[in-house]
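The primary structure of each chain is shown beneath.
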Amino acid sequence: MNNQAPKPEKGTWVGQPLRRREEGRLVRGQGLFVEDYKLQGMLYLQFVRSPYAHARIDRVDVSKALTAPGVLAVLTGAEVAARVQPFIEIGPGAQGKVIDYPMATDKVRYQGEPVAAVVAESRNAAEDAAELVEVEYHALVPVLDAELALKNESLVHDQNGSNVVWHGNFEYGEVDKAFQEAANIVSIGRMHFHRFSSTPLENNGIIATWDPKKESIHFLSTNSFPAFAAQFLSPALGVGIDQIQMESRDIGGGFGIKITTYPQMAVCALASKQLGGRPVKWIETRTEHMLASAHGNERTFLDTRVALDKNGVITAIESRHIDDCGAYPRYEPLGCIIWAQVLPGAYRFRNYRVDFTQVVSNKCPVGPNRGYSRMQHLWFLERVIDICGHELGIPTDEMRLRNYIRTEEFPYTTPNGCIYDSGNYARMLEIAKGLVGWDGWKEKQKQARQEGRMLGLGIGSTLDSGTNNFGQARIINAFAPYSGQSKAANVKLDIYGEVVVSLGSVPQGQGHETTAAQVVAEVLRVPPDMIVVRPGFDTEHNVYTGHTGTYASQFAVTGLSAIHGAAEKLRAEIARLAAFVLKAKESELEFGVGKMGPEVRVKGTDRSINYWGLANLVNVNNAELPMDMADITLNCRYVYKAPFAVPDVEKKYGNLTLTYAAQLHIAVMEVDRETYQPKILAYAAVDDCGTKINPLIVEGQVHGATAHGIGAALMENCVYDPEGNMLTATFSDYTPITVMNMPDLACGGLETPSPFSYNGAKGMGEGGAAPLHTICAALQDALYSRKIIIHDSHNSGDSIFHALQGDSAKPAPAVHVERRA
Amino acid sequence: MSLAFDKVPLQLTVNGKPCAVEVEPRTLLVELIREQLNLTGTHVGCDTTYCGACTVLLNGRNVKSCTVLAVQADGSDVRTVEGLATEGKLHPVQEAYAANHGLQCGFCTPGLLMSTVRLLEKHPKPSDQQIRKAIAGNTCRCTGYQNILKAIRAAAAAGK
């Protein structure tokens, strides 16, 4: 039965480390990024931004700017507000009262918020004229601390009456009973996960063109979740979704940060409309990006209590978490539930209680930064397990082994109903220990301690949950019209028999074109270089659903399932057609490449028809085709529907994600005794993302996610002063990780195929922010004997120095152990 | 405020071709390259001389073209990423990056390629420390540098 689809396991093309087809154009400098585009009659837009974090706008005077050379229009926030509806809010209650316009109207709520936009014939003219816009502000007290935000002494959104935008209690199992029965209870005071951003190297960019005849808008942009953006833009602009055309080509990295650019898109669209449909281009500067694109969520963990049995097995955790989403919730409060995809992390405890609050502040709005919401929670759990191990005198590797979910327990249902597909965390730990040389370093550590050196080994066990179920939005807002997950793809034979794949994804360097070609090549049994893959995303290709975008570690599952499904449909049509032409049974056919290119032949004969012949019959020469084959189009669209149900909203229970890739990292670190700089001495990263489609791409994603985590743990931090001025608004201040700070990685892997995806793959790429957990654990190990508790996800020479001096601005939390057994 | 400065005529060689242009005095070299010469392979990532996406070779030395005024390049020889491949064939450094997955989104790549070309012209057999220092001013947000280092080592080995 050769015409059956090939088995999904490693085949001729799937599973091979093929060189990416994207490399060719990119190493030639022929990528097509938004900034590279020039369109006839194109205008440039420059925002005028607030220097204040929180201020009332008393007056905006654009008269001088309007008369500046080359200026065609200046839009103020009030004018924009008069022409659009506020963006929809996902959250209920208080968040539902947030009024989010594309620009500030009555007051500014973060430094860098746009208050006016100048449109001019050139970028220089727009920048020059923006300097002439006069704005009078009345400064207000900024809200910069999540705990202070709860006091509501100053309100970010006055009409809300509170800075809280979401609150929920999550409780699973029998928490009180577990605490009553505990042999040990460890209490941990305040901990804090800092604000950072993965800062893609390409800033955001938009070219909006309003077509006055069709009343439609074309966006060429860097937005990485265009179906979501369209659903926000459509009601705001009063334009049907079908009249919003979204296109993207090469995108210079995204990491989730490019999801929430719809406010800027709206302003560009309005400017184009006002100016008769001339294209309006906006290219963000790095400082604008740092101030006003999106940051990752900042989270504070309070009043944590951990119940453990006499062996150090955690039986229950309770805590209070406050998430700071910045000035406007936008994609939030989804982060208030997304952490629950990995509620127990890699661990077996069944009893959990958290009081979860999200507040707004006068900081940049957050966006779903790589590792979105799960990394904050995983960091919290890893700190908990690590601190408990140290406090109870249980070695940190042993502590984890005692608490890991066992490999024989998969598929494993978590206390909140998520189903972990597969994994073997203990084995990953073993591999990582081997890679890093654990035992050798343990010996060296003993020696180092005798010399008074601060050397530590740390483990981070994390999960990268992929393919999210949007039904979790219902737990946030029972009326949210979202659930499940889907992706669309199209595979066709074009008129001359070309195999053409249209992606429904929005790649930003993840090699989707390459893996798509691998999958189709496998199905049709032709080499991948005979497959044309249309790069970039385009709504006009009609391969989108409301979930279309590149986010939530899912392309290997959802994107490739859609492509595989479309290729299978095409294969079935080809087989039916070829059987008719070759007067054979479908079971007698085989697919492959002949002298005349890709073809179908009758096994053991020289009877064959190539793809040109097949496409010709349907597209050009169809009088030869009987009417009962008129349904064959050779143009196959397939929508993958992930197997999800709507979660139980009351119980906050259900499967929130389809696959669970895992990361196990180990770091060896030393704190310099003179400079207090933490230095990585050795680093091992073990990854399990199930079956790999292209190991080269997987390895690249592991490297990249690791660099982001190391950068965030030791260097990158969005720092605000007490007035709300962002002190890290350039790369020179923010210091993204460079090659000088990046250690050599010892990488290893394990493949536990997912039973929930057709190809055994698990989505990957976000990487669980494993280095944050790992580095904090290593520093903890290095500094525990000096009575230092690592309580912040960002640690620098400066912060370690102050911690050792005992004069930190945010002192270490009190940790208390109650031994009851 | 009027910023109507007289334009300045410049003559320079770009990727081996002589060109004569007129620029506003404030024009940056990267703006000249991208906007006037339409060589969009050279990118702008940060505006503060940190990221190196704009790296080009100016008289053989790698410079960040966001921090060079176009007028400073008058009479100079400029090489950009577009000048690396010859007759459709990739430069060995481009080939090494492509073969070793030394890029993901590709935005930083042109700058890294130019820094690497400069390194290997100066040190055909670079030490690891020389490699790291050569690209210390080039930020990549995707690769974690692992495969970039691998690519540079491969390019150096291929050049021997």
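Note that the structure is predicted; figures quoted are calculated from it, not measured.

## Some points on the side chain of Gln472(A)
All names here are of chain A.
Next, step 1: For Gln472, the location among the structural elements is in the loop between β19 (454–468) and α16 (473–476).
Next, step 2: Judged by its relative accessible area of 3%, Gln472 is buried.
Next, step 3: A distance of 3.0 Å separates a polar side-chain atom of Gln472 from the backbone oxygen of Leu656.
Next, step 4: In this structure, Gln472 is in contact with Ile337, Ile338, Gln341, Pro647 and Leu656, ignoring residues within four places of it in sequence.

## Some points on the packing of aromatic side chains
Residue and element names in this part refer to chain A.
Next, step 1: In this structure the tally under the stated criterion is 32 aromatic pairs over all chains.
Next, step 2: Note on Tyr110 and Tyr328: the rings are 6.4 Å apart at their centroids and 80° apart in plane angle, and the pair reads as edge-to-face. One end of the pair, Tyr110, is in the loop between β4 (107–108) and β5 (114–120); the other, Tyr328, is in the loop between β15 (314–324) and α11 (335–338), and 218 residues separate them in sequence.
Next, step 3: A residue is classified by how much of its surface remains accessible, and Tyr110, at 3% relative accessible area, is buried.

## Describing the nonpolar core
Next, step 1: Membership of the largest hydrophobic core comes to 222 residues, with the highest contact counts inside it found for Leu45(A), Phe219(A), Leu233(A), Tyr425(A) and Tyr97(B).
Next, step 2: For this core, the element with the highest residue contribution is helix α12 (residues 374–392) of chain A, accounting for 10 residues.
Next, step 3: Look past the residues within four positions of Leu233(A) in its chain and what remains in contact with it is Phe87(A), Phe219(A), Gly238(A), Ile244(A), Met246(A), Tyr262(A), Met265(A) and Ala266(A).
Next, step 4: Within the second largest apolar cluster, 54 residues are counted, among which are Val523(A), Ala567(A), Leu658(A) and Ala761(A).

## Concerning the interface of chain B and chain A
Many analyses report the size of an interface as the accessible area lost when the parts associate.
Next, step 1: Listed per partner, the contact involves 52 residues of chain B and 55 residues of chain A.
Next, step 2: For the pair chain B and chain A, the summed buried area comes to about 4,500 Å², and 53% of that belongs to carbon and sulfur atoms.
Next, step 3: In this structure, the connection of chain B to chain A is made through 5 salt bridges.
Next, step 4: Where chain B touches chain A, the interface holds 28 residue pairs in polar contact (both at pLDDT 80 or more).
Next, step 5: When contributions to the side of chain B that touches chain A are tallied by element, the ones reaching two or more residues are α1 (29–36), α2 (92–99), α3 (109–122), α4 (128–134) and α5 (146–158) of chain B.
Next, step 6: Here the side of chain B that touches chain A gets 5 residues from one element, more than from any other, and that element is α2(B).

## A closer look at empty space enclosed by the protein
Residue and element names in this part refer to chain A.
Next, step 1: The tally for this structure, following the rule as stated, stands at 8 cavities of 30 Å³ or more.
Next, step 2: Its volume calculated, the largest cavity comes out at about 660 Å³.
Next, step 3: When residues of the lining of the largest cavity are assigned to their parent elements, the largest contribution, 4 residues, is made by helix α18 (residues 555–582).
Next, step 4: Of the residues belonging to the lining of the largest cavity, the class tally is 17 nonpolar, 20 polar and 6 charged.
Next, step 5: By volume, the second largest cavity amounts to about 110 Å³.

## Observations regarding the pairing of strand β3 (residues 71–76) of chain A
Residue and element names in this part refer to chain A.
Next, step 1: Of all 6 residues in β3, 5 are buried; the element is thus mostly enclosed.
Next, step 2: Summarising the sheet, β3 and β5 pair through 5 bridges and their orientation is antiparallel. Note on β5: the bridge partner recorded for Ala73 is Val119.

## Re the domain arrangement of chain A
Residues and elements named next belong to chain A.
Next, step 1: Looking at chain A, the domain boundaries give domain 1 (23–31 + 486–641), domain 2 (34–140 + 204–283) and domain 3 (165–197 + 294–471 + 647–819).
Next, step 2: For domain 2 versus domain 3, the separation of C-alpha centres amounts to 36 Å.
Next, step 3: Taken together, the contacts link 27 residues of domain 2 with 28 residues of domain 3.
Next, step 4: Put simply, domain 2 and domain 3 have 1 salt bridge between them.
Next, step 5: Inspection of the region where domain 2 meets domain 3 yields 9 residue pairs in polar contact (both at pLDDT 80 or more).
Next, step 6: Elements with a contribution of two residues or more to the side of domain 2 that touches domain 3: α4 (93–96), α8 (226–237) and α9 (262–274).
Next, step 7: Residue classes in the side of domain 2 that touches domain 3 are distributed as 17 nonpolar, 6 polar and 4 charged.

## Overview of the domain arrangement of chain B
All names here are of chain B.
Next, step 1: Domains assigned within chain B are domain 1 (8–83) and domain 2 (92–158).
Next, step 2: Each of domain 1 and domain 2 has a C-alpha centre, and the two are 21 Å apart.
Next, step 3: Every contact between the two is made by 18 residues of domain 1 and, on the other side, 15 residues of domain 2.
Next, step 4: Surface buried jointly by domain 1 and domain 2 totals about 1,300 Å² across both partners, of which 56% is contributed by carbon and sulfur atoms.
Next, step 5: Our count for the contact surface shared by domain 1 and domain 2 stands at 1 salt bridge.
Next, step 6: When the shortest N-O distance is used, the salt bridge between Arg79 and Glu121 registers 3.1 Å.
Next, step 7: Taken together, domain 1 and domain 2 are joined by 9 residue pairs in polar contact (both at pLDDT 80 or more).
Next, step 8: Elements supplying a minimum of two residues to the side of domain 1 that touches domain 2: β3 (55–58) and β4 (61–64).
Next, step 9: Its residues assigned to classes, the side of domain 1 that touches domain 2 shows 7 nonpolar, 8 polar and 3 charged.

Reading guide: rules and limits
Residues numbered from 1 in each chain as written. Chains lettered and ligands numbered in written order. Predicted model: local features only at pLDDT ≥ 70, side-chain atom pairs only at ≥ 80, totals over all residues. Heavy atoms only, no water. Helix = DSSP H or I, 4+ residues; strand = E, 2+ residues; numbered from the N terminus. Buried < 20%, exposed > 50% of the residue type's maximum accessible area, 1.4 Å probe, protein only. Polar contact = N/O pair within 3.5 Å; in protein donor to acceptor, adjacent residues only side chain to side chain. Contact = heavy atoms within 4.5 Å. Phe/Tyr/Trp six-rings, centres within 6.5 Å; stacked < 30°, edge-to-face > 60°. Core = buried A, V, L, I, M, F, W, Y, C linked by side-chain atoms within 4.5 Å. Buried area = accessible area lost by both parts, 1.4 Å probe. Salt bridge = Lys/Arg side-chain N within 4 Å of Asp/Glu carboxyl O. 1 Å grid on protein atoms, 1.4 Å probe; cavity = no way out; pocket = protein on both sides within 12 Å on 5 of 7 lines; lining within 4 Å. Points joined across faces, edges and corners; volume = space filled by probe spheres on them. Nonpolar A, V, L, I, M, F, W, Y, C, P; charged D, E, K, R; others polar. Pairing = 2+ DSSP bridges. Domains from an automatic or database assignment.

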